[in-house]
Amino acid sequence: MPIDFSSLTSKLPKGLTDRIPTATLSKYWDNYKPQIIGGLSGAGIGAAGLGGAAALSGEEDPEVKSQNVKRNLLLGAALGGLGGTAAGAGYKMYKEPDSTSALGRLFRFGTNSNMAQGAAAGAIGNNVARRVVNQGLGWKGTGGTLAGKSIDQLKDVLDSHVKNFQPSGVAPAAATLGSAAAPMDAVEKNIRNTIERMTANKSTLGRLSQNSVVRGLGFNMIDPNAEHRIVEALHPLAGTPEGRTAIQRILGSQGGTSGRAMPLIEKALLGGSAGEEALRRSHALSALGRVGSGAALWTGLRGIFGD
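What this report covers is the structure whose coordinates are included nearby. Bear in mind that the values here come from a model prediction, so they are computed numbers and not experimental data. (Residues numbered from 1 in each chain as written. Predicted model: local features only at pLDDT ≥ 70, side-chain atom pairs only at ≥ 80, totals over all residues. Heavy atoms only, no water.)

## Some points on helix 12 (residues 241-251)
As a reminder, the rule being used: Here's how the labels work: a residue is buried when its accessible area is under 20% of the maximum for its type, exposed when over 50%, partly exposed in between, all with a 1.4 Å probe on protein chains only. Only runs of H or I of at least four residues qualify as helices and only runs of E of at least two qualify as strands under DSSP, and these elements are numbered from the N terminus. Any two residues having at least one pair of non-hydrogen atoms within 4.5 Å are treated as being in contact.
Among all positions of helix 12, only Gly243, Ala246, Ile247, Arg249, Ile250 and Leu251 are buried. Of the surrounding elements, those touching the buried residues of helix 12 are helix 8 (186-199), helix 11 (224-234) and helix 13 (263-270).

## As for the pattern of salt bridges
For clarity, the threshold we go by: Any carboxyl oxygen of Asp or Glu within 4 Å of a side-chain nitrogen of Lys or Arg constitutes a salt bridge here.
As enumerated under the stated definition, the model contains 8 salt bridges in all. As a salt-bridge pair, Lys155 and Glu232 come within 3.4 Å of each other at their nearest N and O atoms. Residue Lys155 is found in helix 7 (residues 151-163), and its partner Glu232 is found in helix 11; the two are separated by 77 residues along the sequence. Across the salt bridge formed by Glu188 and Arg249, the nearest N and O atoms sit 2.6 Å from each other. In this pair, Glu188 sits in helix 8 while Arg249 sits in helix 12, placing the two residues 61 residues apart along the sequence. Across the pair, Arg249 and Glu188 agree in class, each one buried. By sharing partners, the salt bridges in this structure join Asp152, Lys155, Asp159, Arg229 and Glu232 into a single network.

## As for the environment of Gly292
Tracing the backbone shows Gly292 in helix 14 (residues 272-305). Taking the C-alpha atoms as reference, Gly292 lies 8.4 Å from Met115; in sequence the two are 177 residues apart.

If you want it as structure tokens, here you go:
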């Protein structure tokens, strides 16, 4: 039987009762059932997913593992709850097409607009491809160029290689950067190999992502965090002439790595604050390019093939 709160609210000051809805619990449930179910379901799924990932992470320290599980449970519940509530709201708007609310109009625009659909498809498609290239097809993320390592773990490896760099390992100044007489030494090769893992630069898709024009169109398989972490790790080398020369060899297309240069990272290290800003801007422009390219392509295809 519906529960009516009017007898309780009638005893409160009038100015306050004007702001308190007198709807019954049953009506509240009818009005917000999709959002409530979606929020609760999403919170459970999110907590189980992130909490389970932390529990299976392989962390050896039990105290750290416990903290990671607790943190992931809370984060998963919060994100899942928000996502589930949003999904429930979207479902309700879909079932009630006559809704005149701002959210209802926005939802109808998204479901009816070719441009909005294309923008979403472009963003989602690139993120899925990036995940596969970097982490592989398995849900545990043990494949791809990262081969089961996280970007932060590989950054630690990169830090250790950079610490082993010695100016004596740099080729003589008389040797030109592109000549066979100036090969990278073992330390520089280790640095290069780690960077290529972090940026998927040994794959065709990763190399395409280094092209500024391709990246501007929205195609980018490189995790932005990976490039920023690489710049952070190589900063000590940029402080000396020998180190800057080594950066040019490591990130350039010399040393048998023709066609696999990483100009944006090189510019971020050797170009000062302007270079670092250019790298950050490239990721923002790539995200915009993904939305625009996806919208244009989807709209064109729908125009050619029809609905």
